[in-house]
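Take a look at the letters that make up each chain.
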Amino acid sequence: MTSPVTFEITHVCRQSGARTGILHTPHGDAETPMFMPVGTQATVKFLSPEELYDMHAGVVLANTYHLWLRPGEDIVEKAGGVHRFMNYKGPMLTDSGGFQVFSLADVRKIKEEGVTFKNPINGDTLFLSPEESIRIQNAIGADIIMSFDECIPFPSERKYVEDSVMRTLRWAERGKAAHRREDSQALFGIVQGGDHEDLRHYCAEKLVEMDFPGYAIGGTSVGEDKETMVRMVKMSQEKLPIDKPRYLMGVGAVNDLLEAVKLNIDMCDCVLPTRIARHGTLMTSQGRINIRKAVYRDDFTTLDPLCDCYCCKNYTRAYLNHLFRCNEGFGTRLMSIHNVRFLIHLMEETRKAIREDRFDDFMKETLAEMKFDHRGF
């Protein structure tokens with residue numbers, strides 16, 4: 001069966017080897033490389049779908065685990081699927097729920113059948129298996145869905161990583177067999193393997209044999225340093241097919257995004273822009289700004305003169321400082337709009353640089369102008 005989601009490479013940068021492309025989905029096309037905003041509870045925090053359209057968002061994520069717990073995948077399905085439920089008309093992706101389950105280290109048990117854990121809302125015992133994850137995602141109805149995998153902590157003993165990779169591959173096969181909406185949803189496999197090159201290569205090769213329409217790279221941004229993360233991404237992508245989309249999960253810092261693009265990653269997502277906005281941290285073309293600081297109380301300049309978002313077009317740093325100090329929700333909305341648009345715009349400029357065959361230069365100039373600290377945003 002032909003996949004409902006296909007990928008077209010449109011240009012390869014002569015300077016860097018980075019690429020642009022188009023992801024074709026049942027709910028529209030999205031240009032790559034792209035940053036995907038995260039709508040955990042079927043909403044990108046503090047942003048409306050109309051605002052997402054205005055900032056040229058492409059694919060938006062929803063979280064399988066959270067929608068399973070509340071309101072329940074049956075409610076989303078009755079609404080007509082997640083697109084109608086949240087009134088977002090563009091392409092959507094759901095994760096498998098695996099990352100959230102495995103983050104509950106103290107209250108879950110892993111077996112070959114799946115994972116048993118406690119519902120953090122009411123304490124009920126729940127069970128999530130590859131088949132159940134796919135069933136839930138089929139009901140939610142996103143364009144792209146993810147295999148149920150084991151996201152292991154870093155560092156981990158090699159024997160544990162080996163066992164985990166084999167389990168992830170068996171779960172990928174089971175999930176693929178359980179998929180009931182191949183005509184409308186594309187199921188991606190997820191490469192794991194810790195920081196072991198041979199295990200990353202093996203996992204990728206076996207997933208490619210299963211012939212998924214796209215592949216994700218998991219198990220990064222789980223406590224490792226930046227250099228290790230880049231190495232794990234490089235290991236994983238070396239064995240993936242050139243002509244299918246590659247998705248690096250959970251990455252949103254500017255330097256990480258640019259490093260990913262250089263390694264031919266097409267899709268990235270992260271809760272970072274809205275999360276740090278809630279704490280008064282803003283990404284700008286000159287670097288990171290903490291709007292809480294007193295220096296901004298009478299700073300009547302635009303937050304970022306190079307940004308075209310609603311916040312930067314209409315409000316000053318002084319006003320944002322005032323809203324944050326007063327704990328006004330409007331301030332959180334404005335700062336969330338800015339941070340999400342900032343990363344989407346960064347990817348627009350990235351695509352432009354690739355098409356102009358100067359991505360290496362663009363990356364070097366961008367990182368220098370933003371005066372990064374060790375956290376990279």
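Thresholds, definitions, all that
- Residues numbered from 1 in each chain as written.
- Predicted model: local features only at pLDDT ≥ 70, side-chain atom pairs only at ≥ 80, totals over all residues.
- Heavy atoms only, no water.
- Helix = DSSP H or I, 4+ residues; strand = E, 2+ residues; numbered from the N terminus.
- Rg over C-alpha atoms; globule rule 2.2 N^0.38 Å.
- Buried < 20%, exposed > 50% of the residue type's maximum accessible area, 1.4 Å probe, protein only.
- Contact = heavy atoms within 4.5 Å.
- Areas by Shrake-Rupley, 256 points an atom, 1.4 Å probe, with all protein chains shown as cover.
- Pairing = 2+ DSSP bridges.
- Axes fitted to C-alpha atoms, helices over the stretch in contact; angles between N-to-C directions.
- Disulfide = S-S within 2.5 Å.
- Core = buried A, V, L, I, M, F, W, Y, C linked by side-chain atoms within 4.5 Å.
- Parallel < 35°, antiparallel > 145°, perpendicular 65-115°, else oblique.
- Left-handed = near helix turned anticlockwise from the far one by under 90°.
- Nonpolar A, V, L, I, M, F, W, Y, C, P; charged D, E, K, R; others polar.
- Polar contact = N/O pair within 3.5 Å; in protein donor to acceptor, adjacent residues only side chain to side chain.
- Salt bridge = Lys/Arg side-chain N within 4 Å of Asp/Glu carboxyl O.

A. How the structure looks around the overall build of the protein chain. When you go through the protein chain residue by residue, the secondary structure sums to 15 helices and 17 strands. Taking 2.2 N^0.38 as the reference for a compact globule, 377 residues should give roughly 21 Å; the C-alpha atoms of the protein chain span a radius of gyration of 20 Å, in line with that estimate. In terms of overall dimensions, the protein chain has a C-alpha envelope of 60 × 50 × 40 Å along the principal axes. Among the 377 residues that make up the protein chain, the fraction classed as buried is 57%. At a minimum sequence separation of 6, the contacts of the protein chain that also span at least 24 residues come to 67%. When the accessible area of the protein chain is evaluated, it comes to approximately 16000 Å², of which 50% is carbon and sulfur surface.

B. How the structure looks around the sheet that holds strand β10 (residues 125–128). Across the sheet, which stays open at both edges, the three strands sit in the order β8-β9-β10 with antiparallel pairing between neighbours. Only two strands of the sheet have a single partner each, and these edge strands are β8 (108–110) and β10. Within the sheet, the average angular offset between the axes of one strand and its neighbour, ignoring direction, is 15 degrees. Both strand β9 (residues 115–118) and β10 contribute to a ladder of four bridges, which runs antiparallel. Counterpart to Val115 in the pairing with β10 is Leu128.

C. Summary view of the state of the cysteines. One pass over the structure, following the stated rule, counts zero disulfides. Not part of a disulfide, Cys13 finds its nearest cysteine sulfur in Cys268, a span of 17 Å. Counting only cysteine sulfurs, Cys311 is the nearest neighbor of Cys326, a cysteine outside any disulfide, at a range of 16 Å.

D. Region of the structure containing the nonpolar core. Judged by nonpolar contacts, the single largest core of 49 residues is most densely connected at Leu207, Leu248, Leu257, Leu343, Leu346 and Phe359. Once residues lying within four places of it in the same chain are set aside, the contact partners of Leu207 are Leu169, Ala172, Gly189, Ile190, Val191, Phe212 and Tyr215. One finds Leu67, Leu69, Phe148 and Tyr296 within the second-largest nonpolar core, a separate group that totals 46 residues.

E. Just the packing of helix α10 (residues 254–262) against helix α14 (residues 329–355), in detail. Two elements in contact, α10 and α14, have axes whose closest approach is 11 Å; the angle formed by their N-to-C orientations is 30 degrees. For the element pair α10 / α14, the angle class is roughly parallel. Between α10 and α14 the crossing geometry is right-handed. The residues of α14 that touch α10, namely those facing Val254, Leu257, Leu258 and Val261, are Phe342, Leu343, Leu346, Met347, Thr350 and Ile354. Looking at side-chain class alone, the contact of α10 with α14 contains nine nonpolar, one polar and no charged residues.

F. Up close: the sheet that holds strand β2 (residues 19–25). Spatially, three strands are ordered β1-β2-β3 in an open sheet, and the strand pairing comes out antiparallel. Unpaired on one side and paired on the other, β1 (6–12) and β3 (28–32) mark the two borders of the sheet. Mean inter-strand twist for the sheet, computed between neighbouring axes without regard to direction, equals 20 degrees. One ladder, built from six bridges, connects β1 with β2; its direction is antiparallel. Residue pairing across strands places Ile9 opposite Gly21, the latter belonging to β2. Along the sheet face, α14 touches β1, β2 and β3 and points at about 125 degrees away from the line of β2.

G. Highlighting the side chain of Glu348. One can find Glu348 in helix α14. A distance of 2.9 Å separates the side chain of Glu348 from the side chain of Arg341, its partner in a polar contact. Aside from chain neighbours lying at most four places away, what touches Glu348 is His56 and Arg341.

H. The pattern of salt bridges, seen in detail. Following the criterion strictly, the structure yields 23 salt bridges and no others. Between Glu131 and Arg174 there is a salt bridge, with its nearest N and O atoms 2.9 Å apart. Taken together, the residues span a long stretch of sequence, with Glu131 in helix α6 (residues 130–140) and Arg174 in helix α7 (residues 158–178) at a distance of 43 residues. When its relative accessible area of 30% is taken as the criterion, Glu131 is described as partly exposed.

I. Region of the structure containing α10. Burial analysis of α10 places seven of its nine residues in the buried class, the great majority of the element. Taken residue by residue, α10 has Val254, Asn255, Asp256, Leu257, Leu258, Ala260 and Val261 as its buried positions. Of the surrounding secondary structure, the elements contacted by the buried residues of α10 are β4 (34–36), α9 (226–237), β14 (246–248), β15 (267–269), α14 and α15 (359–369).

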